[in-house]
Amino acid sequence: MISPLAYIHPEAKIGNNVEIAPFVYIDKNVVIGDNNKIMSNASILYGSRIGNGNTIFPGAVIGAVPQDLKFRGEESTAEIGDNNLIRENVTINRGTAAKGRTIVGSNNLLMESVHVAHDALIGNGCIVGNSTKMAGEIVIDDNAIISASVLMHQFCRVGSYVMIQGGCRFSKDIPPYIIAGREPIAYCGINIIGLRRRGFSNEVIENIHNAYRIIYQGGLNNTDALVKVEEEVPMSPEIEYIINFVRNSERGIIK
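Not measured: the values here are computed from a predicted model.

Criteria and thresholds
- Residues numbered from 1 in each chain as written.
- Predicted model: local features only at pLDDT ≥ 70, side-chain atom pairs only at ≥ 80, totals over all residues.
- Heavy atoms only, no water.
- Helix = DSSP H or I, 4+ residues; strand = E, 2+ residues; numbered from the N terminus.
- Rg over C-alpha atoms; globule rule 2.2 N^0.38 Å.
- Buried < 20%, exposed > 50% of the residue type's maximum accessible area, 1.4 Å probe, protein only.
- Contact = heavy atoms within 4.5 Å.
- Areas by Shrake-Rupley, 256 points an atom, 1.4 Å probe, with all protein chains shown as cover.
- Axes fitted to C-alpha atoms, helices over the stretch in contact; angles between N-to-C directions.
- Parallel < 35°, antiparallel > 145°, perpendicular 65-115°, else oblique.
- Left-handed = near helix turned anticlockwise from the far one by under 90°.
- Nonpolar A, V, L, I, M, F, W, Y, C, P; charged D, E, K, R; others polar.
- Arc of directions from axis to C-beta.
- Polar contact = N/O pair within 3.5 Å; in protein donor to acceptor, adjacent residues only side chain to side chain.

Caption draft 1: A look at the overall build of the protein chain. Assigned secondary structure in the protein chain consists of 4 helices and 27 strands. Taken over the C-alpha trace, the protein chain has a radius of gyration of 20 Å; the compact-globule value for 255 residues is 18 Å, and the two agree within 12%. Taken over the C-alpha atoms alone, the protein chain extends approximately 65 × 40 × 30 Å along its principal axes. Buried positions account for 51% of the 255 residues belonging to the protein chain. In the protein chain, 29% of the contacts between residues at least 6 apart in sequence involve partners at least 24 apart. Working note: accessible area of the protein chain is about 11700 Å², and carbon and sulfur atoms make up 50% of it.

Structure representation (structure tokens):
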């Protein structure tokens, strides 16, 4: 299961049933769990922590030092959960002193040439399209879909069940359950098809829609709009999530 043409540092910790192809490089201070498949020419560098059941395709680089001039060689990690598909030439940098770790959760698909910068946090069940680039300290909540060639500014947050159209760039937060697109990026309605596929009831979808009608089409500032949402839309975990997301957004939400 481990090719003699792979380099594995003697201090690296490798789990059971791990397939390591020729020309893989595994550095010291690396921990790899069980049932992983690491294809040729992938590099797993210092500080990487990889869970179970992942497939890492050729040319991927996990745990490279951050592309941040403030980085001074501090101890940090790049942590990958379980059952991820990490396609060709994906790069996932480790953290800096800011947070100490970059995290990619479980059951994600990171397509070819995706870049995950230092101290980023990607949740579970996300799909990130080819050549999308995520800057430092971004947050992507669970089950978001980000299409190809998207540019995400540092410190931005993307909510759950979002669909972002290909080629977008943004420097503000994208609240949950919506479709975002156009140039400049804007709210394009709620992600109805995605929500139905995920089992959201018609009642919940309608309440989400009504909340965003108030936020985006009511002519109110965000503070007043959220008060109106609380007064007029039946409260549920989904509506509470929207309210908290918008209220706590440090960068503000897209227009």
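We are not done yet, so read on.
Caption draft 2: Seen up close, the packing of helix 2 (residues 202–217) against helix 3 (residues 222–232). Viewed as axis vectors pointing N to C, helix 2 and helix 3 meet at an angle of 155 degrees, and their least axial separation amounts to 9 Å. By the angle between their axes, helix 2 is roughly antiparallel relative to helix 3. Along this stretch, helix 2 crosses helix 3, giving a crossing that reads as right-handed. Mapping the contact onto sequence places Ala 211, Ile 214 and Ile 215 in helix 2 and Asn 222, Ala 225, Leu 226, Lys 228, Val 229 and Glu 232 in helix 3. When the residues that make up the contact of helix 2 with helix 3 are grouped by side-chain class, the tally is 6 nonpolar, 1 polar and 2 charged.

Caption draft 3: Main features of helix 3. Restricting attention to buried positions, one finds in helix 3 the residues Ala 225, Leu 226 and Val 229. Within helix 3, the buried residues cover an arc of 100 degrees as seen down the axis, which keeps them to one side. Residues of helix 3 that are exposed and point more than 90 degrees away from the buried face comprise Thr 223 and Glu 231. Here the buried face of helix 3 lies against helix 2 and helix 4 (237–247). Between the side-chain oxygen at the start of helix 3 and the backbone nitrogen of Thr 223 there is a gap of 3.2 Å, and the oxygen is on Asn 221.

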